[in-house]
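So the chains spell out like this:
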Amino acid sequence: MNLLSRSAALALAGLGLMQAPAQAQDIANGEVQFGRQCVACHVVRDPEGRVLAGRNARTGPNLHGLEGRVMGSVEGFRYGDALDEMQARGVTWNEERFLGYVQDPTAWLRAELDDRRARGKMAYRVRDPQDAADIYAYLRELSGARAAAN
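What counts as what
- Residues numbered from 1 in each chain as written.
- Predicted model: local features only at pLDDT ≥ 70, side-chain atom pairs only at ≥ 80, totals over all residues.
- Heavy atoms only, no water.
- Salt bridge = Lys/Arg side-chain N within 4 Å of Asp/Glu carboxyl O.
- Buried < 20%, exposed > 50% of the residue type's maximum accessible area, 1.4 Å probe, protein only.
- Core = buried A, V, L, I, M, F, W, Y, C linked by side-chain atoms within 4.5 Å.
- Helix = DSSP H or I, 4+ residues; strand = E, 2+ residues; numbered from the N terminus.
- Contact = heavy atoms within 4.5 Å.

K.L.:
Sorry if this is basic, but what is going on with the pattern of salt bridges here?
P.N.:
Close approach of charged atoms lets side chains of opposite charge pair. Tallied over the full model, the rule gives five salt bridges. For aspartate 46, the salt bridge goes to arginine 50, with nearest N and O atoms at 2.9 Å. Linking arginine 89 and glutamate 85 is a salt bridge whose minimum nitrogen-to-oxygen distance equals 2.9 Å. Residue arginine 89 is classed as partly exposed on the basis of its relative accessible area, which comes to 46%. The class of glutamate 85 is partly exposed, set by a relative accessible area of 34%. Linked by salt bridges that have partners in common, Asp46, Glu48 and Arg50 make up one network.

Spelled out as structure tokens, the structure:
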């Protein structure tokens with residue numbers, strides 16, 4: 001790329017007119033990453049009680065049906081104050097919120113709640129943004145596949 005082309009590309013990027021293509025989500029990698037990064041604390045259990053992913057972990061809430069669910073609303077799970085506040089506000093999980101949360105739960109909650117003292121109980125962070133996106137795709141697939149079968 002010559003100097004003029006590089007300058008033009010930088011200018012367009014600065015104006016938001018040139019965007020990097022979104023990376024495709026890899027459900028198979030999401031399954032692998034869930035097994036590596038999430039399974040110690042989370043399970044994906046459908047409404048009939050069948051475990052679709054994970055074991056009987058109870059440190060974190062069940063992740064079945066996450067998309068569209070009100071944050072902090074899994075029955076019988078004790079959330080921290082920050083997620084209780086998100087629940088009170090009726091904020092629902094979507095991909096953007098999931099990605100922000102799992103990559104740095106406390107920082108994300110502080111920004112969302114505009115409260116520098118907010119804290120997440122989840123100490124783990126998914127370091128790779130692509131892995132986080134893949135985990136979300138995998139969870140969505142598990143929940144959608146079960147819902148479609150019913």
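This is not the end of the story, as more comes after the structure.
K.L.:
Looking at this structure, how should I read the nonpolar core?
P.N.:
Side chains of a nonpolar character, in soluble globular proteins, are inclined to be buried together. Among the nonpolar cores identified, the biggest contains 31 residues, and Phe34, Met86, Phe98 and Leu139 are the most heavily contacted of them. Within the residue set of this core, elements represented by two or more residues are helix 2 (27-38), helix 3 (81-88), helix 4 (95-103), helix 5 (105-113) and helix 6 (129-149). Of all the elements, helix 6 adds the most residues to this core, at seven residues. Residues in contact with phenylalanine 98, not counting those within four places in the same chain, are Leu66, Trp93, Ala132, Ile135, Tyr136 and Leu139.

Function cannot be read off these values alone, since they describe shape.
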